Amino acid sequence: MARYGMVIDLKRCYGCYSCVMGCKQANCTPPGVFWSRVLRGEMGVFPNSVRQALPVLCNQCEEPDCMKVCPTGATYQTDDGIVRVDKDKCIGCKYCMMACPYGARYSVPEYKSYFPEGLPLSDYEKHCMQVWEEKRGCGVATKCDFCIDRRAEGREPACVQVCPGKARVFGDLDDPESEISYLIKTKRGFVLRPEVGTEPKVYYLPPR
Amino acid sequence: MGSEKLEGQVQVEWRWLIAAYLFLAGVGGGAFLTGVIADLRGGADWALVSKIGVFLGVPCVLIGTLFLLADLGRPFNAWRVWMKPGTSWIARGTIIIVLFMIFAAIQTAFWIWPFPGSIGNAHGAIAILGAIFGFLTVIYTGLLLGYSQPIALWRTALLPVLFFVSAVSTGIMAIVLIGQNQGVGEGKLALLAHIDALILVFEMFVLIMFLYNAYRTLESRFSAKRILTGAVAPAFWLGVVACGLLVPFFLELLGSGALAEGLAAVLGLFGGLCLRYSILAGGTLDPVTAAGFEFARVDRTKEPMPAMGKVPPS
């Protein structure tokens, strides 16, 4: 059975936020919900300072803390390693949002517009709201699921496809021949916060 | 590791509604424990105090649970909350507070049971069971918050201790407040007030240790600063330190009479609520580090999209 993961090459990432916008557009996420985020960091003092962007998303952990703390069992793990939320079981207690070491879970009480209040929703926003309420729901916990619907059509996750620097690679961690396994082995891929014991499946390649 | 120059990301989800539940569960559990101790050790002389304490158990926790339901995103699904006691502290907690309410309700019923002779040993057994689950009700939330991996402020063994001490203190204050109206003797009220003053000293000690530990731990230093000098400071210094600890302490130690005890109780209860709020509002997720860099998280206390201006009237 495949075990899906992702590799993000920090040398290639230059912080353009295309992955953030691509994810937003593909999944119709409302304001404040960022399944794919880019954090900025800086090291050193001018003239010897370096800047780095860090794209973060749900790490689809092997031992997810969010699944452990969920009281209803709404958060579950599929056979191919993706952690999903069953919106009919979720009660919106937001414990998973406190427990995720990576801050990857989001919940909105209602679908707000990106534009100032008082304006009617545009047709595109109406479509997005419908998709959001059908697939994700308001008042419940939501998270990245490595674009299950796109993968069912044979496409890659949105963030992987739109990245202009080709910094993101999606693949099967269990397959030793896949590009992602090769990159992790040869370029010393590391994960975020390995000490919390969640065994994340998103690997990063060092920037230098 | 965390960094002093980087701000953490404040958690915005659990605030006053959850603080209200934590406070009420503490008062209910603490009052019940005090009532049971008064019953088992004080005998018939302390019967009224014990009755008040036991009677407070169920209503406080029940109203607190309503606050919990109000915070849920999907409250009508709340019956599902039992499903995973194996790993989830919310599921375990629900079982604990329901068992507490059952035992407390039975204990309450014993006080108004019209056939006093038939209870016998069951009275003591139910009291002990109720006390155990009352104790668990008060501390399990400290363990629940401590399970949160990224929020270092809560991830300490001192939190259940702090919740327990505060619960006993606010429980005694609630008994004193109601006891004044119900005709409990002056001597007993004064004794309760003095015991509470001692407990407040211990609570001050635990709170100082809690904040000291939070400051010394690098990941939670931003949380500690946020509570002591940041956005939560007014609620902390006015609500927790002044109203919740210092003023009641001096009133209970040096003052005497109904007014001093009543005022101390009211301020102390308000302080207990502010304590829970300060701990929740101070919770911040620690910064992310990778490849030698430290990355600041997004500040979610601010609106994600600043207002672009109001729509002009047409």
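Residues numbered from 1 in each chain as written. Chains lettered and ligands numbered in written order. Predicted model: local features only at pLDDT ≥ 70, side-chain atom pairs only at ≥ 80, totals over all residues.

**Things to note about the overall build of chain A**
In plain terms, the rule: Runs of H or I in DSSP of at least four residues are treated as helices and runs of E of at least two as strands, each being numbered from the N terminus. Throughout, radius of gyration means the C-alpha value; the globule benchmark is 2.2 Å times the number of residues raised to the power 0.38. A residue is called partly exposed when the number of other C-beta atoms within 10 Å of its own lies between 12 and 20, exposed at 12 or fewer, and buried at 20 or more, with C-beta atoms placed from the backbone. Note that contacts rest on C-beta atoms placed from the backbone: two residues are in contact if these are within 7 Å.
Secondary structure summary: chain A contains seven helices and seven strands in total. When the helices and strands of chain A are placed in sequence order, the string is β-α-β-β-α-β-β-α-α-α-α-β-α-β. For 208 residues, the compact-globule estimate of 2.2 N^0.38 gives 17 Å, and the C-alpha radius of gyration of chain A, at 18 Å, lies within 12% of that figure. Principal-axis analysis of the C-alpha atoms gives chain A an extent of 50 × 40 × 35 Å. Within chain A, the proportion of its 208 residues that are buried is 44%. The contacts in chain A between residues at least 6 apart in sequence include a share of 61% that link residues at least 24 apart.

**What about the interface of chain A and chain B?**
What counts is decided by this rule: Each residue gets one label: Ala, Val, Leu, Ile, Met, Phe, Trp, Tyr, Cys and Pro are nonpolar, Asp, Glu, Lys and Arg are charged, and the others, such as Gly, are polar.
With 43 residues of chain A at the contact, the number on the chain B side is 41 residues. Elements supplying a minimum of two residues to the side of chain A that touches chain B: β2 (36-43), β3 (50-57), α2 (65-69) and α3 (95-99) of chain A. The element that contributes the greatest number of residues to the side of chain A that touches chain B is β2 of chain A, accounting for five residues. Considering only residue class, the side of chain A that touches chain B consists of 27 nonpolar, 10 polar and six charged.

**Observations regarding the packing of helix α6 (residues 186-216) of chain B against helix α7 (residues 221-228) of chain B**
Residues and elements named next belong to chain B. For clarity, the threshold we go by: Note on method: axes are straight lines fitted to C-alpha atoms, helices fitted across the in-contact stretch only, with angles between N-to-C directions ranging 0 to 180 degrees. Roughly parallel means an angle under 35 degrees; roughly antiparallel, over 145; roughly perpendicular, 65 to 115; everything else is oblique. Helix crossings get a hand from a simple test, with the near helix turned counterclockwise from the far one by less than a right angle marking a left-handed crossing and a clockwise turn marking a right-handed one.
Where α6 contacts α7, the axes come no closer than 6 Å and their chain directions differ by 130°. With respect to their mutual orientation, α6 and α7 come out oblique. Relative to α7, the crossing made by α6 is left-handed. Contacts from L211, A214 and Y215 of α6 reach α7 at R221, S223, A224, I227 and L228. Counted by class, the contact of α6 with α7 contains six nonpolar, one polar and one charged residues.

**With respect to helix α4 (residues 123-135) of chain A**
In an α-helix, one full turn covers 3.6 residues, which means residues spaced three or four apart are oriented alike. Rules: To estimate how far a helix should extend, the number of its residues minus one is multiplied by 1.5 Å.
In this model α4 of chain A runs 18 Å from its N-terminal to its C-terminal C-alpha over 13 residues, within 8% of the 18 Å that 1.5 Å per residue would give. Just past α4 of chain A, the residue G137 of chain A takes up positive phi, approximately 100°.

**Thoughts on the sheet that holds strand β1 (residues 4-9) of chain A**
All names here are of chain A. Our working rule: Here, strands pair whenever DSSP counts at least two bridges between them.
Spatial ordering of the open sheet is given by β6-β1-β7, a layout of three strands whose pairing is mixed. Taken across any chain shown, the strands that pair with only one partner, and hence form the sheet edges, are β6 (168-172) and β7 (202-205). For this sheet, the mean angle separating the axes of adjacent strands, direction not counted, is 25°. Sheet analysis places β1 next to β7, joined by four bridges and oriented parallel. In the strand pairing of β7, D9 is matched with L205. The strands touched by helix α7 (residues 179-186) are β1, β6 and β7; relative to β6, the strand with the most contacts, the crossing angle is about 115°.

**Details of the pairing of β6 of chain A**
Residues and elements named next belong to chain A. Of all the five residues making up β6, four are buried; the element is thus mostly covered by neighbouring parts of the structure. Of the pairings in the sheet, the one linking β1 to β6 comprises five bridges and is antiparallel in character. Residue pairing across strands places I8 opposite R168, the latter belonging to β6.

**Focus: unusual backbone geometry**
Residues and elements named next belong to chain A. Cis geometry is found at the peptide bond from F46 to P47, where omega equals 5°. Along the chain, P47 turns up in the loop between β2 and β3. Even without being a glycine, K166 presents a positive backbone phi close to 50°. Residue position: K166 is located in the loop between α6 (158-162) and β6. Here E199, not a glycine, exhibits a phi torsion of approximately 55°, which is positive.

**Some points on the packing of α6 of chain B against helix α8 (residues 233-254) of chain B**
Residue and element names in this part refer to chain B. At a minimum axis distance of 9 Å, the contact between α6 and α8 shows a crossing angle of 150°. Every pair of crossing elements has a handedness; the one defined by α6 and α8 is left-handed. Contacts from A193, H194, D196, A197, L200, E203 and M204 of α6 reach α8 at L245, P248, F249, E252 and L253.

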